[in-house]
Structures are given as structure tokens and as C-alpha cells.
Amino acid sequence: MSVIVRNLAKHYGEQKAVNQISFEAKPGRILGFLGPNGAGKSTTMKMLTGYLQPTSGEAEIAGKSVQLAPLEIKKLIGYLPENTPLYLEMYVREFLSFVAETYGLKNVSQRVEEVIKLVGLVQEQHKKIGMLSKGYKQRVGLAQAIIHQPQVLILDEPTSGLDPNQLSDIRALIKNLGSDRTVIISTHIMQEVEALCDDVIIINKGVLVANSSVADLKKEHPTASLEEIFKKLTR
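All of these numbers come straight from a predicted model, not from anything done at the bench. (Residues numbered from 1 in each chain as written. Predicted model: local features only at pLDDT ≥ 70, side-chain atom pairs only at ≥ 80, totals over all residues. Heavy atoms only, no water.)

(A) Representation of the UniProt feature "domain: ABC transporter" (unreviewed entry) in the protein chain. When the UniProt feature table is mapped to this numbering, "domain: ABC transporter" (unreviewed entry) covers residues 3-230. Secondary structure across residues 3-230 divides into 37% helix and 27% strand, with the first and last C-alpha atoms of the span separated by 24 Å. (UniProt positions renumbered as here; feature names shortened; annotations may be inferred. Helix = DSSP H or I, 4+ residues; strand = E, 2+ residues; numbered from the N terminus.)

Written as C-alpha cells, this is what we have:
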């Protein structure tokens with residue numbers, strides 16, 4: 001399921017948070033969505049998931065308009081926001097069961113068990129979410145994003161707060177999920193892009209300044225690292 005964005009814009013009065021951007025994310029490829037703080041990444045992701053209405057332009061997922069069919073779109077995507085909203089008084093297993101039931105899944109217990117193992121929450125599953133470390137809360141957020149087996153994943157800073165061991169595990173999981181899904185990842189970490197991404201877009205002050213494969217971007221700047229390329233394009 002492709003994600004196609006055409007001339008998408010979001011204005012707040014005179015401020016153009018996102019200004020006429022266009023790109024495509026394809027199945028089986030992980031797209032890195034990069035930009036400095038305040039560039040418009042999270043705003044774009046919120047528009048793709050239907051949480052924000054664009055000022056102009058359009059976004060399509062699997063050929064369906066996000067603006068015209070928001071409920072259908074929400075069934076197709078898994079979304080991990082930057083600050084994952086979790087019910088801190090609920091237990092991990094209880095919360096994931098609640099999410100699965102909300103999606104109307106059959107065999108809820110079986111699917112919850114699968115996802116808990118997949119994201120590495122076996123030892124934490126009987127704890128209250130509020131008692132978990134930031135890294136394990138992030139894993140719960142990722143678990144709720146994938147529990148309904150969406151074909152499109154939109155992940156805003158998915159490895160935030162993870163220690164090096166957790167980072168390796170979650171990167172491997174995202175890489176595996178991206179083999180047959182469309183995945184868009186927002187990140188500030190260039191090593192993340194190197195390790196995970198096939199394609200990359202860079203946004204600066206709401207404007208798209210790069211849109212290519214990671215390999216082609218490197219070819220265009222043969223003597224520069226990804227970090228140096230990022231700095232050059234966003235200064």
C-alpha cells in the first residue's frame with residue numbers, strides 16, 4: 001500500500017508549518033523522514049494519519065483519500081506518535097487487549113501474546129504502564145501500533161529513549177516489518193537512516209529539500225556523510 005502526498009500544506013495564520021510538499025512512500029521500502037526540530041515532520045505525520053486536516057493538498061493511502069475516508073484509513077495504518085499517549089494505570093497486557101478489541105480483532109489473547117513477544121515485553125507484561133521505563137513505554141507504543149497488522153506504519157521517533165541493546169532489537173523489528181509493508185520513520189539520528197532506510201526525504205521550515213533513495217543522496221554528495229548532507233540542506 002503506497003502513501004502518496006501531493007502539495008500538502010498546513011498553515012497556522014501566517015506561519016506555513018508545512019508548505020506544498022509532495023512525496024511517495026512505497027511498499028517494501030522504509031522511508032526516513034528527516035528535518036530539524038520545528039521543520040514540520042510531526043505535523044505532516046498527523047495529517048497523514050487524519051489527526052490534522054491540511055490547509056490544502058491531499059494525501060492518499062492505498063488509493064483512499066485521508067481527508068475523505070479517515071475511518072477507513074485508520075484501519076490501514078499503525079501510528080506511533082512522538083509522545084505516545086498511554087493509559088498509565090493500565091497493565092501492559094490489559095492495555096494491548098483493549099487496543100486489539102477496539103480494532104475488532106478476533107483471537108485477541110493470541111494476538112496480544114504474539115505482539116508482546118515480538119517487541120520484547122514478556123518480562124513487563126504484568127506491570128502497570130506507569131511503572132515502566134521510557135524505553136519500555138516506547139515498546140508498548142510500538143506494540144499498539146502494530147497489533148492490528150497494518151500495512152502502513154507511521155513512526156515518529158520510534159527509538160527515542162532506548163538503550164543500545166533495546167535500540168538494536170527495535171531496529172531489527174522495524175527492518176523486518178518493513179520488508180512487506182510501507183514504513184515512514186521520523187528521526188534525527190543519522191545512524192538510524194543508515195541502518196534502516198531505503199529512501200529519505202528531508203524537510204526544512206516546512207519545505208521539502210531532498211527526496212531520493214539513500215544511495216542516490218550519497219552519490220550526489222560523494223565526499224559527505226549523511227550528517228554533513230543533512231546540515232548542508234537544512235542550514
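(B) Fine view of the environment of Gly 135. Considering the arrangement of structural elements, one finds Gly 135 in helix H5 (residues 134-146). If sequence neighbours within four positions are ignored, Gly 135 has contacts with Gly 161, Leu 162 and Gln 166. (Contact = heavy atoms within 4.5 Å.)

(C) Structural view of the environment of Ile 146. Here Ile 146 is to be found in helix H5. Between the C-alpha atoms of Ile 146 and Asn 204, which are 58 residues apart in sequence, the distance is 29 Å. What Ile 146 contacts, discounting residues up to four positions off in sequence, is Arg 111, Val 115, Leu 118, Val 119, Leu 153 and Leu 177.

(D) Summary view of the layout of surface pockets. The calculated volume of the largest pocket comes to roughly 700 Å³. Lining the largest pocket are 25 residues; nearest its centre among them are Tyr 51, Lys 74, Tyr 79, Tyr 103 and Gln 144. At the level of elements, helix H1 (41-48), helix H2 (70-76), strand S6 (77-80), helix H3 (92-102) and H5 are the ones that each hand at least two residues to the lining of the largest pocket. Sort the elements by how many residues they give to the lining of the largest pocket and H3 lands first, with 4 residues. For the lining of the largest pocket, the class distribution of residues is 12 nonpolar, 8 polar and 5 charged. The volume enclosed by the second largest pocket comes to roughly 220 Å³. (1 Å grid on protein atoms, 1.4 Å probe; cavity = no way out; pocket = protein on both sides within 12 Å on 5 of 7 lines; lining within 4 Å. Points joined across faces, edges and corners; volume = space filled by probe spheres on them. Nonpolar A, V, L, I, M, F, W, Y, C, P; charged D, E, K, R; others polar.)

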